[in-house]
Amino acid sequence: LSDRLALRGAAYKSFRAPGFNNITRTYGTGTSTNIANPDLEPETLKGWEAGADFNSGPLQLGATYFLYNIEKMIATYTVQATSANIPAQVTTICGAVVAGSFSNCSASSVKYYTNDQDGQSHGVELTGRWTVNSSLSVDASYTRTETYLTRRGSIVTDPLGVQIAGTPKDVATLGATWRPLEKLRTYAEARYVGPIPVDTTSVANTVFTQGGATVFNASASYVWDKTTDIFASAVNLLNKEYSENSYTYSQSYNRTLSMPRLINIGVKLRF
C-alpha cells in the first residue's frame, strides 16, 4: 500500500500420510498394546491466512490471522473393552471381551489409530521489533491459538469445541539484543507459556489445567580474534518446573517435564 505498509495473504492445502507404525506395526505387551490400522487414510489440511506488515525504519510490526481446517486427523485413542463399537482390527488382535478384558491382550483397554476426528485451529500472531540504537534492539511476539475437535467418531472420547490437551492458547516472548562492544553480543529473553489443558477426557465435562509459566533464557558471545569465539548460554535460567504435554491428571508420573536449567560455556575455533 505504501513504503511503510503492506498487506499479504495466502491459501493452501496439504496432507500427512500415515506412517508405518500407524498402519502396519502392532506392538506392546499383553497389558499395554498399540494396534495399527491398515485402513488409515491421509490427514488433510486446508488453510488460509491474512496479515499486514508495517515498517518505519527503527520500528517493524506484523500481524497475521490464520485458520486451518483439518479432516481425518490421524490420532491414537483408547478403546475400552466396554466400548459399544469395538473396531474389527482390535478384536482380530486382542480377541473377544471376557470378564471385562480382551482375552488375547489381558487388558481392559488398548490403543488404536483412527481417522475418526476433524479439527480446526485459528488465531492471531503479532510480532514487533524496535531498533533503539546501533547497539540495542528489542523483539516481541504473541500468538493466540484456539484449536479443538469439530467431529469425532464413536470411540473418541475427546470433547468437541474444547482446547486440545497439550496446546496452550497463549504464547509470548520478549527479547533484547545488546552489543555494548563491537566484539561482544548479548541476548536475553523471557518466554511465557499460558495455562495448558493437560487432560480433557478422564472426567466428563472437566478440564484439568496446568498454570502458565515464564522462562528466562540468555546468551553471550565474544569474538576473541579472527579464528576464536567465546560463548555462553543459559536456558531456563531460574530452573522453572513445567511441562508442555498432555497426561492423565491422576498419573503425574507420565508427565514430561520441559528442559531444566542448562548452562553451556565454550570456545569455537575456525581453521
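Quick caveat: nothing in here was measured; it's all calculated off a predicted structure.

Looking at the overall build of the chain
The secondary structure content of the chain amounts to 2 helices and 18 strands. Compactness check: the chain gives a C-alpha radius of gyration of 24 Å against a globular reference of 18 Å for 271 residues, more than 25% above the reference. C-alpha extents for the chain along the principal axes are approximately 75 × 45 × 40 Å. Here the chain, with 271 residues, has 30% of them falling under the buried criterion. In the chain, once contacts between residues fewer than 6 apart in sequence are set aside, the share between residues at least 24 apart is 61%. Within the structure as shown, the chain displays about 16000 Å² of accessible surface, and the carbon and sulfur contribution to it stands at 56%. Considering the chain, the positive charge centre built from 23 side chains and the negative charge centre built from 21 side chains are found 5 Å apart.

Observations concerning a nonpolar patch on the surface
The grouping of W224, I230, V267, L269 and F271 at the surface amounts to a nonpolar patch, some 640 Å² of accessible area in total. Along the chain, the position of I230 falls in strand 17 (residues 228–235).

A look at the packing of aromatic side chains
Aromatic rings considered in pairs are described by the distance between their centres and by the relative angle of their planes. Here the structure, examined in full by the defined rule, presents 5 aromatic pairs. With centroids separated by 5.6 Å and ring planes inclined at 50°, the aromatic side chains of W48 and Y65 adopt a geometry described as tilted. Note that W48 is positioned in strand 4 (residues 43–55) and Y65 in strand 5 (residues 59–71), a separation of 17 residues in sequence. On the basis of an interplanar angle of 5° and a centroid distance of 3.8 Å, the ring pair of F208 and Y249 is categorised as stacked. Of this pair, F208 sits in strand 15 (residues 208–210) while Y249 sits in the loop between strand 17 and strand 18 (262–269), placing them 41 residues apart in sequence. Looking at F208, the relative accessible area reads 22%, which means it is partly exposed. Through a chain of ring-to-ring contacts, the aromatic side chains of Y12, F66 and Y68 assemble into a single cluster. Of note, R25 hangs over the ring of Y27, and the distance from its end group to the ring centre comes to 4.3 Å.

A word on the side chain of Q210
Its place among the elements puts Q210 in strand 15. Accessibility expressed as a relative area gives 12% for Q210, which makes it buried. Side-chain polar atoms of Q210 contact the backbone oxygen of S243, separated by 2.8 Å. Side chain to side chain, Q210 and R255 meet in a polar contact 3.0 Å long. Here Q210 is in contact with P195, I196, V198, Y242, S243 and R255, once residues within four sequence places are set aside.

Looking at the state of the cysteines
Tallied over the full model, the rule gives 1 disulfide. Here C94 is linked by a disulfide to C105, with a sulfur-sulfur distance of 1.9 Å. As the torsion about the S-S bond is roughly -80°, the C94-C105 disulfide counts as left-handed. With a gap of 11 residues between them, C94 in helix 2 (residues 88–94) and C105 in the loop between strand 8 (101–102) and strand 9 (109–114) connect regions that are remote in the sequence. Exposure class is identical for C94 and C105. Each is buried.

As for the pattern of salt bridges
Overall, the coordinates contain 11 salt bridges when judged by the stated rule. Across the salt bridge formed by R16 and E43, the nearest N and O atoms sit 3.0 Å from each other. Residue R16 is found in strand 1 (residues 5–16), and its partner E43 is found in strand 4; the two are separated by 27 residues along the sequence. Look at E43 and you get buried, because its relative accessible area is 14%. Here the salt bridges share partners, and the residues they tie into one network are R144, E146, K169 and D170.

Remarks on the sheet that holds strand 16 (residues 213–223)
Across a sheet, paired strands are connected by hydrogen bonds in the backbone, their directions being either parallel or antiparallel. Strands sit in the order 1-4-5-10-11-12-13-16-17-18 across an open sheet of 10 strands; the sheet is antiparallel. At either end of the open sheet lies a strand with only one pairing partner, and these are strand 1 and strand 18. Each strand of the sheet is rotated relative to its neighbour by a mean of 10°, with strand direction disregarded. Where strand 13 (residues 184–193) meets strand 16, 10 bridges bridge the pair, whose relative direction is antiparallel. Across the sheet, the residue bridging to Y192 is T214, located in strand 16.

Here is what the cut-offs are and how they apply
Position labels on residues start from 1 in each chain and follow its written sequence. With pLDDT at 70 or above as the cut-off, local features in this predicted model cover only qualifying residues; side-chain atom pairs require 80 or more to be listed or tallied, and sums for whole chains, interfaces and linings still use all residues. Note: side-chain values were computed over all heavy atoms of the structure, leaving out hydrogens and water. Only DSSP runs of H or I with at least four residues qualify as helices, and only runs of E with at least two residues qualify as strands; both kinds are numbered from the N terminus onward. For the radius of gyration, the atoms used are the C-alpha atoms, and the globule rule reads 2.2 Å times the number of residues raised to 0.38. Type-normalised accessible area, obtained with a 1.4 Å probe on protein chains alone, sets the label of each residue: buried when under 20%, exposed when over 50%, and partly exposed for intermediate values. Should any heavy atoms of two residues lie within 4.5 Å, those residues are considered in contact. For the accessible areas, the method is Shrake-Rupley and the probe is 1.4 Å, while residue cover comes only from the protein chains on display. Counting rule for charge: Lys and Arg are taken as positive, Asp and Glu as negative, and neither His nor the chain ends is counted. For charged residues, the charge sits on one atom: NZ in Lys, CZ in Arg, CG in Asp, CD in Glu. Like charges are joined within 9 Å and nonpolar side chains (Val, Leu, Ile, Met, Phe, Trp, Tyr) within 5 Å, but only among residues with over 30% relative accessible area and no salt bridge; these make up the patches. By definition, a salt bridge exists where a carboxyl oxygen of Asp or Glu is found within 4 Å of a side-chain nitrogen of Lys or Arg. Each Phe, Tyr or Trp ring (for Trp, its six-membered ring) is paired with any other whose centre lies within 6.5 Å, and the angle between the two planes then decides the class: stacked below 30 degrees, edge-to-face above 60, tilted in between. The criterion for a charge sitting over a ring is simple: Lys NZ or Arg CZ within 6 Å of the ring centre, and within 35 degrees of the ring normal. Counting of polar contacts relies on pairs of N or O atoms within 3.5 Å, with two restrictions inside protein: one atom must be capable of donating a hydrogen and the other of accepting it, and residues adjacent in sequence are counted only when both atoms are side-chain atoms. Note on disulfides: each one is a pair of cysteine sulfur atoms within 2.5 Å. Note: two strands are recorded as paired if DSSP finds a minimum of 2 bridges between them. Axis lines are fitted through C-alpha atoms, for helices just across the contact stretch, and the angle between N-to-C directions can take any value from 0 to 180 degrees.

These results come straight from atomic positions and should not be treated as a statement about function.
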